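Descriptive analysis of the structure
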Amino acid sequence: MDDDDDIRISLSRALRTRGYNTEAFASAQDFLESYDNELPGCLILDYGLPGMSGLELQQVLVKRGRALPIIFITGHGGVPEAVEAMKYGAVDFLEKPFRQDVLIERIEKALQLDARARCYEGKSRDVRARFERLTEREREIAELLVSSPSNSSSKDVGRHLGISPRTVDHHRARILEKMQIHSVAELVDLALSANLFSKS
């Protein structure tokens, strides 16, 4: 995304000849009107866009959820701008003129980051979908098992909740079945990977 028509057109053409699918925008607003977070990719973003700046667009995307990996390009950027962009997750901050092979290297890195993030999110959504099948009591027991694995015996859990160990055993079996796992250790790993009990 660049407000300079010549740069935008030539860069898009160069990337297409290398096999990349590209879509170009003259402004942040144009991009936001057609942005689909479900589509994989990365964003090559001019820091000094008119109206909403590149950094402001980056912050909007971050607030909306996981943003595309961003490679900033600029003709007049400095250290403070680069630090600010990187703080919000930019892949890199390139000053014009830059070598095309350097940009390609950063694009490949950004696409790998995007692919890994989407894989992680897909697994996390799957875990959360399974977790939603649990009853309120099963979720309560699951949280106890995860938060204190060393005190996860049926007697410990039953004492904490005021129910019998046999009832805990029944709920534990249902939790493992619904979560499609075989042990409390697996439950702990899944909960941590998907932030199931995050307080944030």
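Scroll up to find the structure this text is about.
Residues numbered from 1 in each chain as written. Predicted model: local features only at pLDDT ≥ 70, side-chain atom pairs only at ≥ 80, totals over all residues. Heavy atoms only, no water.

1. A word on the packing of helix α7 (residues 154-161) against helix α8 (residues 165-179)
For the pair α7 and α8, the least separation of the axes is 8 Å and the interaxial angle reads 105°. One finds that α7 runs roughly perpendicular with respect to α8. Contacts between α7 and α8 involve Ser154, Lys155, Val157 and Gly158 from the former and Pro165, Val168, Asp169 and Arg172 from the latter. Across the contact of α7 with α8, the residue classes tally to 3 nonpolar, 2 polar and 3 charged. (Axes fitted to C-alpha atoms, helices over the stretch in contact; angles between N-to-C directions. Helix = DSSP H or I, 4+ residues; strand = E, 2+ residues; numbered from the N terminus. Parallel < 35°, antiparallel > 145°, perpendicular 65-115°, else oblique. Contact = heavy atoms within 4.5 Å. Nonpolar A, V, L, I, M, F, W, Y, C, P; charged D, E, K, R; others polar.)

2. What about the pattern of salt bridges?
Counting across every chain of the model gives 11 salt bridges. Glu132 is paired through a salt bridge with Arg139; the nearest N and O atoms lie 3.2 Å apart. Accessibility expressed as a relative area gives 29% for Arg139, which makes it partly exposed. Between Glu140 and Arg137 there is a salt bridge; the shortest N-O distance is 2.9 Å. On the criterion of helical spacing, the pair formed by Glu140 and Arg137 is a turn pair, its members being 3 residues apart in helix α6 (residues 136-147). A single network of salt bridges, built from pairs that share partners, joins Asp92, Glu105 and Arg106. (Salt bridge = Lys/Arg side-chain N within 4 Å of Asp/Glu carboxyl O. Buried < 20%, exposed > 50% of the residue type's maximum accessible area, 1.4 Å probe, protein only.)

3. A look at the pairing of strand β2 (residues 70-74)
Within a regular beta strand, the side chains point alternately toward one face of the sheet and then the other, so they alternate between its two faces. Taken across its 5 residues, β2 has 5 buried, putting it largely inside the fold. The sheet contact formed by strand β1 (residues 43-46) and β2 spans 4 bridges and is parallel. Counterpart to Asp46 in the pairing with β2 is Ile73. Here β2 pairs with strand β3 (residues 92-95) via 4 bridges, running parallel. Bridge pairing links Ile71 to Asp92 in β3. (Pairing = 2+ DSSP bridges.)

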